[in-house]
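# Examining the three-dimensional arrangement
Next come the chains, spelled out residue by residue.
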Amino acid sequence: MATQKQKPLNCSPDLQFLLLVLIVVSSSLATSSSASTEAEVEALLNWKSSLSLLSSWVGDNSSTCNWVGISCNNCGSINHINLTGSGLRGTLHTLSFSTFPNLISLNLSHNAFFGTIPPSLGNLSSLEILDLSQNNINGSIPDEFAMLGNLSTFSFQKNQISGQIPQEMYKLSSLSVIDISINNITGSIPASIGNLSNLIVLDLHQNALSGSIPSSIGNLTRLKVLYLMDNQLSGAIPNEVGKLKFLTDLGLANNKLNGTIPLEINNLVYLKNLWLSNNSLSGSIPGDVCSGGLLEIFTAHNNQLTGPIPRSLRNCTSLTRLRLERNQLSGNISEELGIYPKLNYIDLSYNRLYGELSENWGKCQNLQSLRLSSNRISGRIPHLEGSELRTCT
């Protein structure tokens, strides 16, 4: 049987043109990727020369993706830099940020970087995670950060950052974590904070923020952690806090807040930690503050609170720490409190409580500190069998 010759493939002019375009584009992409990678390597090596560390960063662009703290995408372009806790000392100004168009995360936390934040950091258009926490960085947050449209996590915790948070940053709707705690941030919290509807963590504690807490905070309905303690905030706690239905941690202690504790706090059924101490809050404690049965830490000492200890705390067996000292709370202590198997610290001193201590205290086996002085409590101290009690006043 004769072998039949295969006919040559006849391509139409359109098909030929399409194939040519694909070849040219593929070649162009390969060249572009190679050039981009070479530029990234050069930028890293230039930066390294100012840090006098990172001895493993040697070689050409073929080995870059194996360098300590460096990860690359499928095209060989750097997309993650993680040098946390690497003992680095220097500034960020010698790193050419515009050279990294595909960088998704930059983690330089727990080092000794100093100096100001380069505005060129705003050129990292693909950046989603930026962590510069626990360094010695000073100066203000550049306005150019508003260009980081994909940013989801922003952590500058424990530096020396000063000035105000740029207003344009409140338009970065992709943000889910903001941690600028333990710095020197000034100014007020603007109403535009409510635009950040994807926020899960907002930590601004231990700064110099002033003014009131805006009611728009209630728009942050995905929020789980809100830390505003250790500032100079004034005014009332907005009722809209009660809209934060997923909140587990609420820290407002050590401010200048006044007015009453909003009843809407009763709506926070996932609340585990509530810090309200060292303000000028008045009125009574909301009756269902432990309505979710998850509350572990509740501090509201050094305020002007009145009325009884709420009955919801009687059944709040999740409590580990309760501090209500130095208020004007009243009521019969033998009726107000229950059995707390996890409680290790309680301070109700300097109030107007009366009555005798219940035998239920003997069932608080983890109790280490019981402080009840300067009340009108009578009777004997119950036998605390099996407890680790170290302080009883």
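Owing to the predicted nature of the structure, the values given are computational and were not obtained by experimental measurement. (Residues numbered from 1 in each chain as written. Predicted model: local features only at pLDDT ≥ 70, side-chain atom pairs only at ≥ 80, totals over all residues. Heavy atoms only, no water.)

### Regarding the overall build of the chain
Looking only at helices and strands, one finds two helices and 28 strands in the chain. Within the span of the chain, comprising 393 residues, buried residues form 46% of the whole. Total accessible area on the chain stands at roughly 18400 Å², and carbon and sulfur atoms take up 49% of it. (Helix = DSSP H or I, 4+ residues; strand = E, 2+ residues; numbered from the N terminus. Buried < 20%, exposed > 50% of the residue type's maximum accessible area, 1.4 Å probe, protein only. Areas by Shrake-Rupley, 256 points an atom, 1.4 Å probe, with all protein chains shown as cover.)

### Remarks on the sheet that holds strand E3 (residues 89–90)
In spatial order, the strands read E3-E5-E7-E9-E11; together these five strands make up an open sheet with parallel pairing. Among the strands making up the open sheet, the edge pair consists of E3 and strand E11 (184–185). (Pairing = 2+ DSSP bridges.)

### Section: the pattern of salt bridges
Tallied over the entire structure, the rule returns two salt bridges. Close ionic contact of glutamate 168 with lysine 171 constitutes a salt bridge, the shortest N to O distance being 3.2 Å. Note on lysine 171: relative accessible area 57%, which makes it exposed. Here glutamate 325 makes a salt bridge to arginine 323, at a shortest N to O gap of 2.3 Å. Glutamate 325 sits in the buried class, given a relative accessible area of 4%. (Salt bridge = Lys/Arg side-chain N within 4 Å of Asp/Glu carboxyl O.)

### Some remarks on the sheet that holds strand E13 (residues 210–211)
Ordered in space as E13-E15-E17-E19-E21-E23-E25-E27, the eight strands form an open sheet in which the pairing is parallel. Bordering the open sheet on either side are E13 and strand E27 (376–378), each of which pairs with just one other strand. The sheet contact formed by strand E23 (residues 328–332) and strand E25 (residues 352–356) spans three bridges and is parallel. Following the sheet pairing, serine 330 is matched in E25 by arginine 352.

### Considerations on the side chain of asparagine 107
Relative to the elements of secondary structure, asparagine 107 occurs in strand E4 (residues 105–107). Discounting residues that sit within four places of it in the chain, asparagine 107 has contacts with Ile81, Asn82, Leu83, Thr84 and Asp131. (Contact = heavy atoms within 4.5 Å.)

### As for the confidence of the model for the chain
Averaged over the chain, the pLDDT score is 88; the fraction of residues at 70 or greater is 86%. Contacts for the low-pLDDT stretch residues 1–9, under 50 throughout, to residues beyond four places or in other chains number zero contacts. When the criterion is pLDDT under 50, residues 15–36 qualifies, and its contacts beyond four places in sequence or with other chains add up to five contacts. (pLDDT = per-residue confidence, 0-100.)

### A closer look at the nonpolar core
Judged by nonpolar contacts, the single largest core of 98 residues is most densely connected at Phe154 and Phe298. Per element, the largest residue contribution to this core is five residues, and it comes from helix H1 (residues 13–51). Residues within four places of phenylalanine 154 in sequence aside, it is in contact with Leu130, Ile141, Phe145, Met169, Leu175, Val177, Ile178, Asp179 and Ile180. (Core = buried A, V, L, I, M, F, W, Y, C linked by side-chain atoms within 4.5 Å.)

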